[in-house]
Amino acid sequence: MKNHRRKPDRDFEHAAEFRFYEELNDFLLPEQRKQSLPYRFNGHPGIKDPIEVFGVPHTEVDLIVVNGISVGFGYPLQDADRVAVYPVFEGIDISPIVRLRDKPLRNTAFVADVNLGKLARLLRLLGFDTLFANSFDDREIAAISAEQNRIVLTRDRRLLYAKAITHGYWVRSVVPERQLAEVVERFDLSAQIRPFRRCTRCNGLIEAVEKNQVLALLEPKTKKYYDRFYRCRDCGQVYWEGSHVDHVRTRLGRYLSRE
């Protein structure tokens with residue numbers, strides 16, 4: 001979170017009023033939440049700067065309304081402005097009003113930071129294109145997001161201040177199943193779930209193969225009891241519908257029932 005030392009109020013020539021809505025309050029100090037907040041300033045800074053001074057990453061914002069009119073991040077803040085800041089509206093298309101980004105958040109390809117390996121695996125199980133590697137550093141994640149138009153998922157809100165990142169989400173929970181529920185709800189993904197389509201190891205697509213094509217890779221009991229097999233196009237990992245699939249269906253039943 002940004003932590004700029006503010007000058008005494010007497011040193012500022014202008015004042016505006018900000019109000020943050022819904023989950024954007026998660027980024028504010030407890031005493032700042034769900035109320036109008038004064039912001040004193042000189043000159044006419046772009047409105048993105050004071051929003052991030054309050055601790056709210058620009059990637060979490062989808063609509064800014066100043067004095068009843070929607071504006072973009074470059075709007076120069078004016079004296080006595082009343083600013084309302086809203087989170088991402090993935091379930092509602094607000095493009096006729098104003099979008100703050102050139103590309104809307106409809107691309108459901110993700111890149112996850114090093115703290116979200118288990119979440120990345122769960123997203124892949126549901127069929128979502130999710131890049132993850134323990135070797136990814138913040139700079140690499142930002143570059144991947146910008147170059148491939150991927151949504152950044154992170155537990156480190158500071159990462160979302162990177163200018164290169166336009167689409168991102170700060171995952172609140174530390175429990176993988178709850179993290180998955182957050183992401184599915186936040187990006188309105190229920191209708192896009194296509195389970196068991198991606199490799200949980202490398203993120204590649206899985207395709208059906210004949211048993212004789214993978215026979216040499218199977219354990220004796222697997223050869224004996226199973227006949228339907230699948231293989232990752234990228235890394236060659238072999239899958240079959242064993243007892244582990246039943247476990248996954250039990251664990252993620254709330255999502256798989258929507259198939």
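Placed above this text is the structure.
In this text the structure is predicted, and so the values were computed from the model without any measurement.

The rules behind each value
Residues numbered from 1 in each chain as written. Predicted model: local features only at pLDDT ≥ 70, side-chain atom pairs only at ≥ 80, totals over all residues. Heavy atoms only, no water. Helix = DSSP H or I, 4+ residues; strand = E, 2+ residues; numbered from the N terminus. Buried < 20%, exposed > 50% of the residue type's maximum accessible area, 1.4 Å probe, protein only. Core = buried A, V, L, I, M, F, W, Y, C linked by side-chain atoms within 4.5 Å. Contact = heavy atoms within 4.5 Å. Pairing = 2+ DSSP bridges. Axes fitted to C-alpha atoms, helices over the stretch in contact; angles between N-to-C directions. 1 Å grid on protein atoms, 1.4 Å probe; cavity = no way out; pocket = protein on both sides within 12 Å on 5 of 7 lines; lining within 4 Å. Points joined across faces, edges and corners; volume = space filled by probe spheres on them. Nonpolar A, V, L, I, M, F, W, Y, C, P; charged D, E, K, R; others polar. Salt bridge = Lys/Arg side-chain N within 4 Å of Asp/Glu carboxyl O. Phe/Tyr/Trp six-rings, centres within 6.5 Å; stacked < 30°, edge-to-face > 60°. Lys NZ or Arg CZ within 6 Å of the ring centre and 35° of its normal.

Draft legend 1. Main features of the overall build of the protein. The helix and strand inventory of the protein stands at 8 helices and 12 strands. The buried share of the protein, reckoned over its 259 residues, is 46%.

Draft legend 2. Spotlight on the nonpolar core. Among the nonpolar cores identified, the biggest contains 31 residues, and F18, F20 and I64 are the most heavily contacted of them. Elements supplying a minimum of two residues to this core: β1 (14-20), β2 (37-41), β3 (61-66), β5 (82-87) and α3 (138-148). In contact with F20, other than residues within four places in its own chain, are N25, L28, L37, I51, F54, V56 and V85. By size, the runner-up hydrophobic cluster in this structure holds 25 residues, among which are A112, L126, L153 and L180.

Draft legend 3. Representation of helix α4 (residues 176-186) in the model. Most of α4 sits inside the fold, with 8 of its 11 residues counted as buried. Taken as a whole, α4 has its buried residues at P176, Q179, L180, A181, E182, V183, V184 and R186. On the buried face of α4, the contacting elements are β5, β6 (110-112), α2 (117-125), β8 (151-154), β9 (168-170) and α8 (253-256). Just past α4, the residue D188 takes up positive phi, approximately 55 degrees.

Draft legend 4. Structural view of the sheet that holds β1. Spatially, the 5 strands line up as an open sheet ordered β2-β1-β5-β3-β4, and their pairing is mixed. With partners counted over all chains shown, the strands left at the sheet margins are β2 and β4 (69-71), one partner each. Sheet twist, expressed as the average angle between the axes of neighbouring strands with direction ignored, equals 30 degrees. As defined by bridge partners, β1 adjoins β2 across 5 bridges and the pair is classed as antiparallel. In the sheet register, H14 faces β2, and the bridge partner there is F41.

Draft legend 5. The arrangement of the layout of surface pockets in detail. Approximately 500 Å³ is the volume attributed to the largest pocket. Elements supplying a minimum of two residues to the lining of the largest pocket: α2, β12 (238-240) and α7 (243-251). No other element matches the 6 residues that α7 contributes to the lining of the largest pocket. Looking at the lining of the largest pocket residue by residue, the class counts come to 10 nonpolar, 3 polar and 8 charged.

Draft legend 6. Layout of the pattern of salt bridges. Under the definition given, this model contains 11 salt bridges. Linking E23 and R186 is a salt bridge whose minimum nitrogen-to-oxygen distance equals 3.6 Å. Here E23 is found in the loop between β1 and β2, whereas its partner R186 is found in helix α4, with 163 residues between them in sequence. R186 sits in the buried class, given a relative accessible area of 8%. The salt bridge partner of K211 is D227, with a shortest N-O separation of 3.1 Å. Placement of the pair is K211 in helix α5 (residues 211-214) and D227 in the loop between α6 (220-225) and β11 (229-232), with a sequence separation of 16 residues. Each of E23, D26, E60, R172 and R186 takes part in one network of salt bridges that share partners.

Draft legend 7. Here's a closer look at unusual backbone geometry. Of note, E22 is a non-glycine position whose phi angle comes to about 50 degrees, a positive value. Within the secondary structure, E22 sits in the loop between β1 and β2.

Draft legend 8. Representation of the packing of aromatic side chains in the model. Scanning the entire structure with this criterion turns up 12 aromatic pairs. Here the aromatic rings of F18 and Y39 are separated by 5.8 Å at their centres, their planes lie at 70 degrees, and the arrangement is edge-to-face. Of the two residues, F18 is situated in strand β1 and Y39 in strand β2; the sequence distance between them amounts to 21 residues. Looking at F18, the relative accessible area reads 0%, which means it is buried. Measuring from ring centre to ring centre gives 5.4 Å for F18 and F54, while their planes differ by 50 degrees; the resulting arrangement is tilted. Here F18 is found in strand β1, whereas its partner F54 is found in the loop between α1 (48-53) and β3, with 36 residues between them in sequence. Taking relative accessible area as the criterion, F54 reaches 10% and is therefore assigned buried. Among the aromatic residues, those joined into a cluster by ring pairs are F18, F20, Y39, F41 and F54. Lying over the aromatic face of W170, R157 brings its terminal NZ or CZ to 4.1 Å of the ring centre.

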